[in-house]
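# Examination of the molecular architecture
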Amino acid sequence: MPAAKPVILCILDGVGLGRGGVDDAVATAPTPVLDHLQKAHPTVALKAHGTAVGLPSDGDMGNSEVGHNAMGAARVVDQGAKLVDRAFAAGTLAQTEVWQALCSTSTLHLLGLVSDGNVHSNVTHLNQLIDLAVAAGVTRLRVHVLTDGRDVSPRSALTWVEPLETKLAELSKNGLDYRVGSGGGRMHITMDRYQADWEMVARGYRCHVHGEGKPFSSASEAIRTLYEADPNVDDQWLPAFVVTENGAPVGRITDGDGVLFFNFRGDRGIEISMAFEDDDFPHFDRGDRPNVTYAAMMQYDGDLLVPKRYLVDPPAIDDTVGERLAAAGVRSFVISETQKFGHVTYFFNGNRSGRFDEALETYVEVPSDVVPFDERPWMKAAEITDAVIEAIESGAYDHIRLNYANGDMVGHTGNLRATQLAMQVLDLQLERLWQAVEKAGGVLLVTADHGNADQMYQRDKKSGDVKTNGQGQPIPLTSHTLAPVPFIVASPTPHALANVDDAGIASIGSTLLQLLGVEVPAHYAPGLIRS
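Residues numbered from 1 in each chain as written. Predicted model: local features only at pLDDT ≥ 70, side-chain atom pairs only at ≥ 80, totals over all residues. Heavy atoms only, no water.

## Some details on the overall build of the protein chain
Definition in use: Numbering goes from the N terminus for both helices and strands, where a helix is a DSSP run of H or I of at least four residues and a strand is a run of E of at least two. Our radius of gyration looks at C-alpha atoms and nothing else; its globule reference is 2.2 Å times the residue count to the power 0.38. Under the convention used here, a 1.4 Å probe and the Shrake-Rupley method define accessible areas, while residue burial counts only the protein chains that appear.
The secondary structure content of the protein chain amounts to 16 helices and 16 strands. For the protein chain, the C-alpha radius of gyration of 23 Å lies close to 24 Å, the compact-globule estimate for 531 residues. Structurally, the protein chain occupies a C-alpha span of about 75 × 55 × 40 Å along its principal axes. Approximately 19800 Å² of the protein chain is accessible, and the part contributed by carbon and sulfur atoms is 48%.

See below:
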């Protein structure tokens, strides 16, 4: 029996169910409305990481992309890291025409995030690529290092950069010329997303291609020096640097070179791919643009064909919830701010750009502020709520899907107080949202895509104690967590939850169809509402 409409899916990005410690911004912030909704309405904790969202192991943190994929696919789909692991293990990656073309260029440049975070990339893949390059007879190779500090500890770059430099130096003793060419922090150069800050990409492009940045004799020297120069800077925000010899950059990208962006996750790989590939490119002046063979680990946008060349096919997700909603004539209103707009559209729709039905689907993107998120923890939550309330009151929509980015984006800053403020902001907007839903007699589904704000300090894996630095201060945690996420079914008309064993967020899509009276296919994960 379908529920009263509209049925609203409200995704509190990065808001997990943590252990309730002093660093749990979700538990410690005053959130009376969220607390009330969880107590007064059917609520269940859902898995949002590891194998529950198609990642290789249950030690892998979930993220916004795979989380929204799982919700929108309504089933578990093997994701980027797993697909890339499989391609390396089977040996198929090295056999592709794209890899062979890259290896036949003057210099092979490997560009990407260097850590074991396994969210955007994995340093294991970088090392495997280097080994494959040796086997393919590549004589000159440069690595362009993007430091992490977000999916891993804030100042952990040397953990991977020093062994990388050692590996490259050892290979170079055998007549090869393998070195690090440039680098910088992932939130300062190269890895922008959703066209929020093209200047970020411009800084990265100028650094990697033209050798513009602070000069150092090695990447490890650069990182140590930059740490010392600013005790507050972490790996995310390291300025662009270049490795030089005799005053000249050793890794400029020039005509006839090959460039591989080795991140497997798509959102932060699209713009740098466009910068290398597009002939008509209005976003910044690329200067003397070299003629290169460019490819990426995966294709990041299958509809826009970005990039044109890639090594591993992305997950093919068909028969999505969005497609079934459109086929059933459901009128949908979808909204978020720039930072998460692609998640409730492109990722939710199975890595597909555009709408399924222009007449039935309204998409609204609220432009994000281009400032550090801990300086604006409220972000655009109020503006999103304003638009959603207007959509509810219009009566024009059966389904509304929204994402509040605050818990994730502010949580990534490692600033506990700012993240607590972000949670307060979310609670205020939930109050406004719930009042509008209750008045309309609809259903409000409150959930999240993964954990983050639920743990803001690093903790010892065995004891669980908070880790501290040399001054006795807690070390911030800027990555996602393995926490489950809430799923609340709030409605003036009570709904009973079904007993689904080991439920994950893939069941959210099926539940949405249940409430909207759309048939749930047998290959979907079971819905969470008792029929």
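## Observations concerning the packing of helix 13 (residues 381–394) against helix 15 (residues 416–440)
Here is the rule we go by: Here an angle of 0 to 180 degrees is reported between the N-to-C directions of two axes, which are lines fitted to C-alpha atoms, with helices fitted over the stretch in contact. Under this scheme an angle from 65 to 115 degrees is roughly perpendicular, one under 35 degrees roughly parallel, and one over 145 degrees roughly antiparallel; angles in between are oblique. For this analysis, residues touch if any pair of their heavy atoms sits within 4.5 Å. Polar here means any residue other than Ala, Val, Leu, Ile, Met, Phe, Trp, Tyr, Cys and Pro, which are nonpolar, and Asp, Glu, Lys and Arg, which are charged; Gly is therefore polar.
Running from N to C, helix 13 and helix 15 cross one another at 0°; their axes reach a closest spacing of 10 Å. The angle between helix 13 and helix 15 places the two elements in the roughly parallel class. On helix 15, the residues touching A381, A382, T385, D386, V388, I389 and I392 of helix 13 are V425, Q429, R432, L433, A436, V437 and A440. Broken down by class, the residue content of the contact of helix 13 with helix 15 amounts to ten nonpolar, two polar and two charged.

## Side note on helix 7 (residues 158–172)
Put simply, the test is: Multiplying one less than the number of residues by 1.5 Å gives the expected span of a helix. Burial classes follow relative accessibility: with a 1.4 Å probe on protein chains only, a residue under 20% of its type's maximum area counts as buried, one over 50% as exposed, and anything between as partly exposed. Working note: the arc is built from the helix axis to C-beta atom directions.
Helix length check: helix 7, at 15 residues, gives a terminal C-alpha distance of 20 Å against a target of 21 Å (1.5 Å per residue), a fit within 8%. Where helix 7 is concerned, the buried positions are L158, W160, V161, L164, E165, L168 and L171. The arc enclosing the buried residues of helix 7, seen along the axis, measures out at 160°, which places them on a common side. In this fold, the buried residues of helix 7 make contact with helix 6 (123–135), strand 4 (140–147), strand 5 (177–185) and helix 9 (219–229).

## Some thoughts on the layout of surface pockets
Heads up, the rule is: Of the two site types, the cavity is a set of points on a 1 Å grid over the protein atoms alone where a 1.4 Å probe fits but cannot get out, and the pocket is an open set with protein on both sides within 12 Å along at least five of seven lines, each lined by residues with an atom within 4 Å of a point. Grid points are joined across faces, edges and corners, and a volume is the space filled by probe spheres set on the points.
What the largest pocket holds in volume is close to 950 Å³. M61, Q455, K461, L477 and L482 are the residues nearest the centre of the largest pocket, which is lined by 36 residues in total. By residue class, the composition of the lining of the largest pocket is eight nonpolar, 16 polar and twelve charged.

## A closer look at the nonpolar core
As a reminder, the rule being used: Throughout, nonpolar core names a set of buried Ala, Val, Leu, Ile, Met, Phe, Trp, Tyr and Cys residues whose side chains join them through atoms within 4.5 Å.
Counting 80 residues, the largest nonpolar core has W99, L129, F276 and M297 as its most contacted members. Sequence-distant contacts of L129, that is, excluding residues within four places in its chain, are made with F88, L93, W99, L110, L260, F262, M297 and L311. In terms of nonpolar packing, the next biggest core, distinct from the first, is built from 75 residues, V33, M71, I392 and I508 among them.

## With respect to the packing of helix 6 against helix 7
Packed helix pairs are characterised by how far apart their axes lie and by the angle those axes make with each other. Helix 7 packs onto helix 6 with a crossing angle of 5° between their chain directions and a minimal axis gap of 12 Å. Considering their axes alone, helix 6 and helix 7 lie roughly parallel with respect to each other. Contact with helix 6, carried on its side by V123, L126, N127, I130, D131 and V134, involves W160, L164, K167, L168 and L171 of helix 7 and no other residues of that element. Classifying every residue of the contact of helix 6 with helix 7 by side-chain character gives eight nonpolar, one polar and two charged.

## Examining empty space enclosed by the protein
It is the rolling of a water-molecule-sized probe over the atoms that shows where space remains empty. Going through the model one piece at a time under the given rule, you end up with two cavities of 30 Å³ or more. Taken as a whole, the largest cavity encloses approximately 60 Å³ of empty space. A class-by-class count of the residues in the lining of the largest cavity yields no nonpolar, four polar and eight charged. Taken together, G322, L325, A326, V330, S332, V334, E361, Y363 and R401 form the lining of the second largest cavity. When contributions to the lining of the second largest cavity are tallied by element, the ones reaching two or more residues are helix 11 (321–327), strand 12 (332–337) and strand 13 (361–366). No other element matches the three residues that helix 11 contributes to the lining of the second largest cavity. Classifying every residue of the lining of the second largest cavity by side-chain character gives five nonpolar, two polar and two charged.

## Points about the environment of V53
Within the secondary structure, V53 sits in the loop between strand 2 (43–46) and helix 3 (64–73). A relative accessible area of 1% places V53 in the buried class. It is 8.3 Å that separates the C-alpha atoms of V53 and R75, two residues lying 22 residues apart in sequence. In this structure, V53 is in contact with A48, V66, A70, V76, V77, Q79 and I505, ignoring residues within four places of it in sequence.

## Details of unusual backbone geometry
Going from V306 to P307, the amide bond is cis rather than trans, its omega being -10°. Looking at the element boundaries, P307 is found in the loop between strand 10 (293–298) and strand 11 (310–312). Even without being a glycine, T190 presents a positive backbone phi close to 75°. In this structure, T190 sits in the loop between strand 5 and helix 8 (198–210).

## Looking at the sheet that holds strand 16 (residues 485–490)
Here is the rule we go by: A pair of strands counts as paired when DSSP detects no fewer than two bridges linking them.
Reading across the sheet, the seven strands line up as 2-16-15-1-14-12-13 and stay open at both edges, with mixed pairing between neighbours. Looking at which strands have only one partner, the edges of the open sheet turn out to be strand 2 and strand 13. Adjacent strand axes in the sheet meet at a mean angle of 15°, parallel and antiparallel pairs treated alike. Two elements, strand 12 and strand 13, share six bridges in a ladder whose sense is parallel. For E337, the partnering residue across the bridge sits in strand 13 and is V366. Across the sheet, helix 2 (residues 32–40) lies against strand 1 (7–12), strand 2, strand 15 (443–447) and strand 16, angled at about 70° from strand 16, the strand it touches most.

## Considering helix 4 (residues 80–90)
For helix 4, the full list of buried residues reads G80, A81, L83, V84, A87 and F88. Within helix 4, the buried residues cover an arc of 165° as seen down the axis, which keeps them to one side. Of the residues in helix 4, the exposed ones pointing more than 90 degrees away from the buried face are A89 and A90. Lining the buried residues of helix 4 we find helix 6, strand 10 and strand 11. Of the residues one or two after helix 4, G91 is the one with positive phi, at around 80°.

## Overview of the pairing of strand 14 (residues 399–404)
Burial analysis of strand 14 places six of its six residues in the buried class, the great majority of the element. With burial as the criterion, each face of strand 14 is covered, one bearing H399, R401 and N403 and the other bearing I400, L402 and Y404. In terms of strand pairing, strand 1 meets strand 14 through six bridges, oriented parallel. Bridging from a neighbouring strand, L9 pairs with R401 of strand 14.

Honestly, it's all geometry; don't read function into it.
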